[in-house]
Amino acid sequence: MMELYDIAIIGGGPVGMFAAFYAGLRDTKAVLVESLPTLGGQVTALYPEKVILDVAGFVGIKGSELIDSLYRQLQLFPVEIKTNTTVTNLQKQNDLFTITTDNGTSFQSKTVIVTTGKGSFEPRKIQVDGADSLVGQGIHYFVTNKQDFMHHDVAIAGGGDSAVDMATMLNDVTASTRIIHRRDTFRAMEQSVNALNSSTVIKETPKKIVSINKQDNGKLAVTLALVKDPYDVTVISVDDLIINYGFISKNQTVASWDIKPVQDNQVFAVNQQLQTSIEGVFAIGDASHYLGKADLIAVGLGEAPNAINAAVNLFDPKRGGPGHSSSMVIKNGHLS
Ligand SMILES: Cc1cc2nc3c(=O)[nH]c(=O)nc-3n(C[C@H](O)[C@H](O)[C@H](O)COP(=O)(O)OP(=O)(O)OC[C@H]3O[C@@H](n4cnc5c(N)ncnc54)[C@H](O)[C@@H]3O)c2cc1C
């Protein structure tokens, strides 16, 4: 017998997290499914240390702090969270949806809220022999907490906004910081480049990484070659090598799904209730499009209650609501 939920939320970015919280607030049996090991979507993966200025109620909030708050808010209710789980198929039969995941499990839901953003994404990998086996042993693709690099010798590979910001940000806590880029100029905002130039970050440019080896002392020996002269090499010894070559969005959310809601602008077209062309399937956040839609966190957070309320109204039209949260009393994660 497959587990049956009232609402399945696919995608654990900021919008999926808030939708899951709101599903809990409406006292539904909800599940939140996320491909990556951690929640937070683009905010966690791409800019956890950046300050976001346009989320209502915050006079600037660091990405990671916003996600921490959304997580604490989500924990007010017993919503089930499945990370490291990609939804590979969505089917509909007799008004119930069957959701199949890449770890071989399936479950059912009365309604589905798609919050997959622009699709699941993964970091662009470094193409150097042996690098894969050193992930977690000195090579990193994610920085979730800069304190992990306290007093370390760190090198960041990449030349975009995120790599440049990461170098100046980590430089506050590291013993030494290097940035390795194949060009002399960085593809980053002027202010970020100015901050880098006035910091003590060592620029290893225009260089590329040709080999990485783990040394007996636990450090990584990273061999760098000048782009124009592969025989002109230097070897640096670091505790951590952070690869920041950007993310590849697979944008294949529905490619493998039996149900394929109509798309617009490469995401799901929705009506005023945020419902897709398939009854019972709603799409919000970056995963949906309508005239005038802006891909912003504030917009997606605002869409979440509307989609959840529409979903509740669909599977339980007799339920009133939504009511105001300020007049609700919560006991043991349930409304009383
Ligand atoms: C560098 C940068 C800076 C930004 N700055 C701002 C800003 O200042 N203010 C602002 O409002 N917005 C900003 N944005 C945009 C903002 O991050 C997005 O609008 C927001 O993340 C959208 O949230 P979401 O939850 O809809 O989607 P996402 O954050 O994209 O999350 C979608 C999640 O779904 C998961 N997923 C996808 N497919 C599947 C699947 N099949 N199964 C399971 N899980 C799946 C993904 O892994 C991902 O975690 C910025 C974006 C970037 C890249």
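In this report, the structure presented in the accompanying data block is examined.

What counts and how
- Residues numbered from 1 in each chain as written.
- Predicted model: local features only at pLDDT ≥ 70, side-chain atom pairs only at ≥ 80, totals over all residues.
- Heavy atoms only, no water.
- Axes fitted to C-alpha atoms, helices over the stretch in contact; angles between N-to-C directions.
- Helix = DSSP H or I, 4+ residues; strand = E, 2+ residues; numbered from the N terminus.
- Parallel < 35°, antiparallel > 145°, perpendicular 65-115°, else oblique.
- Left-handed = near helix turned anticlockwise from the far one by under 90°.
- Contact = heavy atoms within 4.5 Å.
- Pairing = 2+ DSSP bridges.
- Near = heavy atom within 4 Å.
- Polar contact = N/O pair within 3.5 Å; in protein donor to acceptor, adjacent residues only side chain to side chain.
- Areas by Shrake-Rupley, 256 points an atom, 1.4 Å probe, with all protein chains shown as cover.

1. Section: the packing of helix H1 (residues 14-25) against helix H3 (residues 63-74)
At a closest axis distance of 9 Å, the pairing of H1 and H3 adopts a crossing angle of 20 degrees. Judged by the inter-axis angle, H1 sits roughly parallel to H3. Viewed along their axes, H1 and H3 form a crossing whose handedness is left-handed. Mapping the contact onto sequence places Pro14, Met17, Phe18, Ala20 and Phe21 in H1 and Ile67, Leu70, Tyr71, Gln73 and Leu74 in H3.

2. Considerations on the pairing of strand E7 (residues 96-101)
The pairing of strand E6 (residues 87-93) with E7 spans 6 bridges and is antiparallel. Looking at E7, one finds that Lys92 is bridged to Phe97. Counted between consecutive antiparallel strands, the loop separating E6 from E7 contains 2 residues, among which Asn94 sits at a positive phi close to 50 degrees. When E7 meets strand E8 (residues 106-114), the two strands line up antiparallel, connected through 4 bridges. Looking at the pairing, Ile99 lines up with Phe107 of E8. Taking the residues between adjacent antiparallel strands as the criterion, E7 and E8 are bridged by 4 residues, where Gly104 takes a positive phi near 85 degrees.

3. Considerations on the site of the ligand
Looking at the ligand, there are 30 residues lining it, with Glu34, Gln42, Tyr47, Asp54 and Ile297 nearest. Take Pro14: an N or O atom from its main chain is 3.4 Å from an oxygen atom of the ligand. Asp54 places a polar side-chain atom, nitrogen or oxygen, 2.9 Å from a nitrogen atom of the ligand. Within the complex, the protein chains bury 86% of what would otherwise be the 1000 Å² of accessible surface of the ligand. Those elements that provide at least two residues to the shell around the ligand are H1 and helix H2 (41-46).

Nothing here speaks to function; it is geometry throughout.
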